[in-house]
Amino acid sequence: MVKLTPASSAFKTLTISLQTPQETLQSTPVALPTSEPSAGNEQITYTVQNADLPTFNVSPAMKVWVANVIAAGKFVTAGTLSYRMKRNGVSVATGTGSVNANLFYTRLFCFFNVQVGDVLKIALWSNRSDSNWDYNAFFVYPTRLTLNLKNRLLMNVTYSNIQAVSLSLGNPHISNNAVSYLVHDDTLSTSIAEGQTITFLYNGKTNNYGLFRISHGDYVNADGSPTHFTDATYRPAYWREDLPTQITFRALDLPTP
């Protein structure tokens, strides 16, 4: 009988650097139409560029990009905000949300698995003529990272330096925190905390979710609008989307007998 002894590497570190979000605050709010804008007249348009993508100290073998678009404004009279999400001219999702009188609204739109060159558009309209829009933002998160290792079996995986994109224009406020998730065997999941260590993690299984999944845009509400905040003071009011930006690990190489 041959005894197989796995060989472990020295500790390695994957570092993720998030990009500064694009933000626009109109000096004068723009009135929302009372019917859906026609193609080409959507209020918000972003084209995904290389400069928008987070960077890594070591390029992952695979990754998925999730684009976030935020829209915000105010309703003078209580009413209903309607929206449509489009990617490359194709409708992705549509929906509505109620806004009470004299409140700001903030909508987060998530586009799953975007590519450089994708054109993302948001159309907004209201059933009240005194509603407006004056803020929008755009940024990209990574999710489902896998590493280019021989057998992709990792040990002593530690997640740290939990960060999120922060917004600065308008009067921003973090209304809630969303955490990233570890997924084991594609079924069991646990939220990731600062300094959390996993003894073993297989990073290469077909259809695996890799090192982690971000919450909005992947774990929930891929290609959709997961949050609708209203507030009397804050605009934008938004989720803080936490994810680990430093991951240390050892790689295990299982030898062939």
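In case you missed it, the structure is sitting above this.
Below, the structure is looked at part by part. (Residues numbered from 1 in each chain as written. Predicted model: local features only at pLDDT ≥ 70, side-chain atom pairs only at ≥ 80, totals over all residues. Heavy atoms only, no water.)

### Some thoughts on the packing of aromatic side chains
This model, assessed by the stated rule, comprises seven aromatic pairs. Each ring, one from Phe56 and one from Trp65, has its centre 6.0 Å from the other, and the planes form 25°; the classification is stacked. Classification of Trp65 by relative accessible area gives buried; the value is 9%. Look at Phe139 and Tyr141: their rings are 5.6 Å apart centre to centre, the planes differ by 80°, and that puts the pair in the edge-to-face class. Among the residues examined, Phe139 registers a relative accessible area of 7% and is labelled buried. On the accessibility criterion, Tyr141 (2% relative accessible area) is buried. Directly above the ring of Phe104 sits Lys74, whose terminal nitrogen or CZ lies 5.0 Å from the centroid. (Phe/Tyr/Trp six-rings, centres within 6.5 Å; stacked < 30°, edge-to-face > 60°. Buried < 20%, exposed > 50% of the residue type's maximum accessible area, 1.4 Å probe, protein only. Lys NZ or Arg CZ within 6 Å of the ring centre and 35° of its normal.)

### Some details on the pattern of salt bridges
Evaluation of the coordinates by the stated rule reveals nine salt bridges. Put simply, Lys121 and Glu42 hold a salt bridge, and the shortest N to O gap is 3.7 Å. Of this pair, Lys121 sits in strand E10 (residues 119-126) while Glu42 sits in the loop between strand E3 (22-31) and strand E4 (44-47), and the two are 79 residues apart along the sequence. Among the ionic pairs, Arg87 bridges to Asp223, the shortest N-O distance being 2.7 Å. (Salt bridge = Lys/Arg side-chain N within 4 Å of Asp/Glu carboxyl O. Helix = DSSP H or I, 4+ residues; strand = E, 2+ residues; numbered from the N terminus.)

### Regarding the sheet that holds strand E9 (residues 103-112)
Strands sit in the order E3-E11-E6-E9-E17 across an open sheet of five strands; the sheet is antiparallel. For this open sheet the edge positions go to E3 and strand E17 (224-231), each flanked by a neighbour on one side alone. On average, each strand axis in the sheet is inclined to that of its neighbour by 20°, with strand direction left out of account. In this structure, strand E6 (residues 62-75) lies alongside strand E11 (residues 131-146), joined through 13 bridges in antiparallel fashion. Bridging across to E11, Val69 finds its partner in Phe138. (Pairing = 2+ DSSP bridges. Axes fitted to C-alpha atoms, helices over the stretch in contact; angles between N-to-C directions.)

### Details of the sheet that holds strand E8 (residues 90-99)
Pairing is antiparallel across the open sheet formed by four strands, whose spatial order is E4-E10-E7-E8. Only two strands of the sheet have a single partner each, and these edge strands are E4 and E8. Between one strand axis and the next, the sheet turns through 15° on average, direction left out of account. Summarising the sheet, strand E7 (residues 79-87) and E8 pair through nine bridges and their orientation is antiparallel. Looking at E8, one finds that Lys86 is bridged to Ser91.

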